[in-house]
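# A look at the structure
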Amino acid sequence: MDTKVWMYLVYLAISIGLTVWVARALSRNGLVFLEEVFADERLAKAVNSLLVVGFYLLNLGYVTVAMKHPDPVGSTAQAMEELSLKIGLVLLVLGALHFFNVFALGRYRRGRLRQYATHPPVAPVGRLPMPPAPRDAQPAGARPAGPYPTGLQPAAGPHPGGPHPAGPGAGTGAVGGPPAR
């Protein structure tokens, strides 16, 4: 037989063997991951089967398309070099397919978990105590400085010509502040 034919046979044997081995390993170990992603065992098994079929179709299709070598192969060394190039490309395709699947399924899983994260897992049971006020803030019984009672001061100062920022009737003495002008 010709060296090129031997090269093709070895290439097919190694490529198909690698494809079957990787597909079985990914199917067996990926099922646990898919069950976590989909949170449904039946759906995970169905998706796992579909991924395996797609994996076989894509990889074996690539193996058969990449098998052709237009130049004559004159020596065993040339055949080995071409064989290593072709098998290396098959391994890169296997890795790229695996990476794409894990990436896509990981994104799906994160999106699903994000939906569950919108609600707190349990209701709050209490409140944290307020820190004590600083001692040098104001002496006990002192009135706050300014025209507004505590808690009603506007954020950016009084608004001349407009309504009072705390609402109508605020600062009219109802809370113990100064009367309205």
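Residues numbered from 1 in each chain as written. Predicted model: local features only at pLDDT ≥ 70, side-chain atom pairs only at ≥ 80, totals over all residues. Heavy atoms only, no water.

### Examining the nonpolar core
Applicable threshold: We call a set of buried Ala, Val, Leu, Ile, Met, Phe, Trp, Tyr and Cys residues a nonpolar core when their side-chain atoms join them within 4.5 Å. The buried label goes to any residue with under 20% of its type's maximum accessible area, the exposed label to any with over 50%, and the partly exposed label to all in between, with areas taken from a 1.4 Å probe on protein chains only. Helix numbers and strand numbers start at the N terminus; a helix is a DSSP run of H or I with at least 4 residues, a strand a run of E with at least 2.
One finds M7, Y11, F55, L83, V90 and L94 to be the most contacted residues of the largest nonpolar core, which totals 15 residues. When residues of this core are traced back to their parent elements, those giving at least two are helix 1 (3-38), helix 2 (41-65) and helix 3 (76-116). Counting 7 residues, the second largest nonpolar core, distinct from the first, contains L31, L34, F38 and V47.

### Side note on the side chain of S15
What counts is decided by this rule: Whether two residues touch is decided by their heavy atoms; if any such pair falls within 4.5 Å, the residues are in contact.
Along the chain, the position of S15 falls in helix 1. Once you skip the residues sitting within four places of it in the chain, S15 turns out to touch V63, I87 and V90.

### Comments concerning unusual backbone geometry
Non-glycine residue A39 carries a positive phi angle of around 55 degrees. Secondary-structure assignment places A39 in the loop between helix 1 and helix 2.

### Re the packing of helix 2 against helix 3
To be explicit about the condition: In this analysis an axis means a line fitted to C-alpha atoms, helices contributing only their contacting stretch, and an angle means the value between N-to-C directions, from 0 to 180 degrees. Each angle is binned into one of four classes, with values under 35 degrees roughly parallel, values over 145 roughly antiparallel, values of 65 to 115 roughly perpendicular, and all other values oblique. The crossing is said to be left-handed when, going from far helix to near helix, the turn is anticlockwise and less than a right angle, and right-handed when the turn is clockwise. Gly is placed with the polar residues, together with every amino acid not listed as nonpolar (Ala, Val, Leu, Ile, Met, Phe, Trp, Tyr, Cys and Pro) or charged (Asp, Glu, Lys and Arg).
Packing of helix 2 against helix 3 brings their axes to within 10 Å, and their N-to-C directions diverge by 150 degrees. Classified by the interaxial angle, the pair formed by helix 2 and helix 3 is roughly antiparallel. Between helix 2 and helix 3 lies a crossing of right-handed hand. Between helix 2 and helix 3, the contacting residues are L51, F55, L58, N59, Y62 and V63 on the first element and L89, V90, V93, L94, L97, N101 and L105 on the second. Here the residues of the contact of helix 2 with helix 3 sort into 11 nonpolar, 2 polar and no charged.

### Concerning the confidence of the model for the chain
Close inspection of predicted coordinates is inappropriate in any region flagged by low pLDDT. We apply this condition: The score called pLDDT rates the predictor's confidence residue by residue, from a low of 0 to a high of 100.
Taken residue by residue, the chain gives an average pLDDT of 76. The fraction at 70 or more is 71%. Taking the mean pLDDT of every element in the chain, the minimum, 83, falls on helix 3 and the maximum, 89, on helix 2.

### Let's talk about the packing of helix 1 against helix 3
The N-to-C vectors of helix 1 and helix 3 enclose an angle of 15 degrees; their axes lie 10 Å apart at closest approach. In terms of their interaxial angle, helix 1 and helix 3 are classed as roughly parallel. Classified by chirality, the crossing of helix 3 by helix 1 is right-handed. Of the residues belonging to the contact of helix 1 with helix 3, the class tally is 19 nonpolar, 5 polar and 5 charged.

### Considering the pattern of salt bridges
To keep things clear, this is the line we draw: Salt-bridge detection follows one rule: a side-chain nitrogen of Lys or Arg within 4 Å of a carboxyl oxygen of Asp or Glu.
Applying the stated rule across the entire model yields 3 salt bridges. A salt bridge links R109 to E36, with the nearest nitrogen and oxygen atoms 3.2 Å apart. Placement of R109 in helix 3 and of E36 in helix 1 is noted, with a sequence separation of 73 residues between them. Look at R109 and you get partly exposed, because its relative accessible area is 27%. For E36, a relative accessible area of 37% translates into the label partly exposed. Among the salt bridges present, the one from E82 reaches K86, with a minimum N-O distance of 3.5 Å.

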